[in-house]
Every structure is written in structure tokens, then in C-alpha cells.
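Listed below, chain by chain, are the residues.
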Amino acid sequence: MAAPRVARSSLRHRMASGRAGGALLLASLGVAAMRALLPGAGPSFAPPALGQPAGLRRVALRAGEDGSIGTITGRCRYATGNWTLLKEVAVKSKEDEALADEAWALFEKRYQKPAKTGIYLDTPVARDDVRYRFLRLAETLKLSTKETLEVLQTDDVLMVVDADYVKNTFEAMIRGADFQKAIDIVKKNPSILVSGEDIETKMDAAAFGAEVRSFFRPLDNLIQSALGRGR
């Protein structure tokens, strides 16, 4: 009589895994749908100061002491619950600076109204904020800036997500699997990085969702192109 119990247990496990995979896939597809429906989302008014100290001067590029050619300052939210946390990221080379500028140009193309107003929903998206997130993403994923730009060209949603949140999510993915599996999933489905740290226990479902997103990406690209946000 033990065999039927094992079979039922195995069946329950497969059903639970299937539900987890389905939920994660729906969440992933939901991100794509949100971007399709809100290609230029953002208020038409100028962004507020977002809690920046009075008189703060945002330094776009400043020489560093670690061999870098400068730094870019951007706003973070994850550690403070708002957007008052300012952080710097090193610009390691002229190529990195140029590719950060390309990331901003990509943002201007795909998020036209937010690029003008400086805010997307409640997220600050000034030029330095976007360039900062791009360089932070390269650090987080341990990719070259050229490879990181390819990730954003695959899915641009990470330009409007807090850099610390993305970092914590990716580290959770590594804990749940390993670096190679995590980076493979991200390259196929960059929006997985909006999942949060709970992704640590759902890496098999994340891998399945990445394959599905990769399969349907040509259709997503077609929709984006029809909306004037062609890839």
C-alpha cells in the first residue's frame, strides 16, 4: 500500500510545481503586457524634487581614484522606501560612458514621455538615473557593458526598476540555483529581475518561464513595433 502514497505525493509535487511555474509565467507575461499597454506612461507634469536635499548638485561625471574615469549618481529606493537615497557608480572607461549614453538613447526611444518629464509612474528616470541603473546592472550581472546593453535591448523594463532591488533579486536567483543558471535565465527573460527575492525558491519555474518568454519574444517585438517602440 506504500506505492500509492508515493505516487500521490509525486503527483502533488508535480501539481504544485506546475502551479508555481504558471504563476511565475503569468507574472512575467504581465510585465510585457504592462509595457505594451503603457508605452509612454507617466504624468505629463514635471517631476517633483523627490526628496532631494535643497541645492543638491547632481554630478554627471567626476574623476575617480580607483582607475575609473568618473562616476554617475543615481537615485535608489530599496533601502529607504522612497527615492531619497543617492548612490554613485564608477564609469570605468570611455566605452562604458558611451554605452551608458546609448542606454539613455534607448530609453528616450522607448519611453518618450517619461524621458521628457523625468518620471515613470513614481520612478525617477532622469538621464543620470537611467545611466546609473545601466552601469549598476552591468555590475550586478557581472557582464560587460556591451552585453548589458543587449540585455536591455531584449527587455527594457529594468531601466525603470530600482538598481538595489534588481541586485537583491539576482543574488536570490544565485542562491536558488547558481550564477550560470541565473544569468542564462536573465538573458532570456530580463524581466525576471522584477520578481523580488522570493524567486530563490522558484528557479525551476523561472527557467521554464524564460524559455516561454524567449519563444514568444518575436510576437512581443511585433506588438512593440506596432506601438512605435520597435526593437
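For the structure, check the block above.
Positions within a chain are numbered from 1, following the residues in the order the chain's sequence is written. Restriction of local features to residues with pLDDT of at least 70 applies here, the model being predicted, together with a cutoff of 80 or more for giving and counting side-chain atom pairs; totals for whole chains, interfaces and linings are based on all residues. Remark: hydrogens and water are excluded; side-chain values derive from all non-hydrogen atoms of the structure.

Draft legend 1. Looking closely at the overall build of the protein chain. Of the regular secondary structure elements, the protein chain holds eight helices and four strands. When the elements of the protein chain are put in sequence order from the N terminus, they spell out α-β-β-α-α-β-β-α-α-α-α-α. Any residue under 20% of the maximum accessible area for its type is buried, any over 50% is exposed, and the rest in between are partly exposed; the area is computed with a 1.4 Å probe on protein chains only. For the protein chain, the residues scored as buried account for 43% of the 231 residues in total. Intrachain contacts of the protein chain at a sequence separation of at least 6 include 66% that bridge at least 24 residues. Total accessible area on the protein chain is roughly 11,600 Å²; 59% of this is exposed by carbon and sulfur atoms. What counts as a helix is a DSSP run of H or I of at least four residues, what counts as a strand is a run of E of at least two, and both are numbered from the N terminus. We call two residues in contact whenever any of their non-hydrogen atoms come within 4.5 Å of each other. Every accessible area reported is derived by Shrake-Rupley at a probe size of 1.4 Å, with residue values counting cover from the shown protein chains alone.

Draft legend 2. Here's a closer look at the nonpolar core. Here, nonpolar core refers to any group of buried Ala, Val, Leu, Ile, Met, Phe, Trp, Tyr and Cys residues whose side-chain atoms link them within 4.5 Å. Core analysis: the biggest nonpolar cluster contains 44 residues, and Phe107, Met173 and Leu193 have the highest contact counts within it. Secondary structure elements with two or more residues in this core: strand E1 (70–76), strand E2 (85–91), helix H2 (94–110), helix H4 (127–141), helix H5 (145–154), helix H6 (163–176), helix H7 (179–188) and helix H8 (203–226). With sequence-adjacent residues up to four places away left out, methionine 173 is seen in contact with Asp178, Ala182, Ile185, Val186, Ile192, Leu193, Ile199 and Met203.

Draft legend 3. Layout of the packing of H2 against H4. At a closest axis distance of 9 Å, the pairing of H2 and H4 adopts a crossing angle of 120°. It follows from the interaxial angle that H2 and H4 lie oblique. Note that H2 runs across H4; the crossing there is right-handed. Of the residues in H4, those in contact with Asp96, Leu99, Ala100, Asp101, Ala103, Trp104 and Phe107 of H2 are Arg127, Val130, Arg131, Phe134 and Leu135. Throughout, an axis means a line fitted to C-alpha atoms (over the contacting stretch in the case of helices), and angles, computed between N-to-C directions, take values from 0 to 180 degrees. With respect to orientation, any angle under 35 degrees is reported as roughly parallel, any angle over 145 as roughly antiparallel, any angle of 65 to 115 as roughly perpendicular, and every other angle as oblique. Working rule for handedness: look at the near helix, and if it is turned counterclockwise from the far one by less than a right angle, call the crossing left-handed; if clockwise, right-handed.

Draft legend 4. Seen up close, H4. For a helix, the expected span equals 1.5 Å multiplied by the residue count minus one. Taking 1.5 Å of rise per residue, 15 residues should cover 21 Å, and H4 covers 21 Å from first to last C-alpha, within 8% of that figure. Most of H4 sits inside the fold, with 13 of its 15 residues counted as buried. Positioned one or two residues after H4, lysine 142 has a phi angle of 55°, which is positive.

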